[in-house]
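# Descriptive structure summary
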Amino acid sequence: MSFTILYAAFALLMLIVIFGVVYKIKGLKTAFIATGIAFVFSALAFVALMYALVNAMSN
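Conventions we followed
- Residues numbered from 1 in each chain as written.
- Predicted model: local features only at pLDDT ≥ 70, side-chain atom pairs only at ≥ 80, totals over all residues.
- Heavy atoms only, no water.
- Helix = DSSP H or I, 4+ residues; strand = E, 2+ residues; numbered from the N terminus.
- Rg over C-alpha atoms; globule rule 2.2 N^0.38 Å.
- Buried < 20%, exposed > 50% of the residue type's maximum accessible area, 1.4 Å probe, protein only.
- Areas by Shrake-Rupley, 256 points an atom, 1.4 Å probe, with all protein chains shown as cover.
- Contact = heavy atoms within 4.5 Å.

Quick look at the overall build of the protein chain now. For the protein chain, the helix and strand inventory stands at two helices and zero strands. Against the compact-globule benchmark of 10 Å for 59 residues, the protein chain has a radius of gyration of 14 Å, which places it well outside the compact range. Principal-axis analysis of the C-alpha atoms places the extent of the protein chain at approximately 50 × 20 × 10 Å. Within the protein chain, the fraction of its 59 residues that count as buried is 15%. Carbon and sulfur atoms make up 80% of the accessible area of the protein chain, which amounts to about 4700 Å² in all.

Printed below as a string of structure tokens:
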């Protein structure tokens, strides 16, 4: 399985868990905000990992 699919599955699982936990504790509005912030961080982490992977391949 490719790295992108594994990362996407892991990120989706983490977003679902974050949404569920925050929804139970704080409510719907806060859960959407927290999940959005987590999504941005996971997208930035994916870009950083792709940059590192491509840099390593060029050497």
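So much for the structure itself; the text now carries on.
Turning next to the environment of Phe19. Position of Phe19 among the secondary structure elements: in helix α1 (residues 3-25). When its relative accessible area of 25% is taken as the criterion, Phe19 is described as partly exposed. Between the C-alpha atoms of Phe19 and Ala34, which are 15 residues apart in sequence, the distance is 7.2 Å. Here Phe19 is in contact with Leu28, Ala31, Phe32 and Thr35, once residues within four sequence places are set aside.

Turning to its location among the elements, Ile33 is positioned in helix α2 (residues 28-58). Residues Ile33 and Phe19, 14 residues apart in the sequence, show an inter-C-alpha distance of 9.1 Å.

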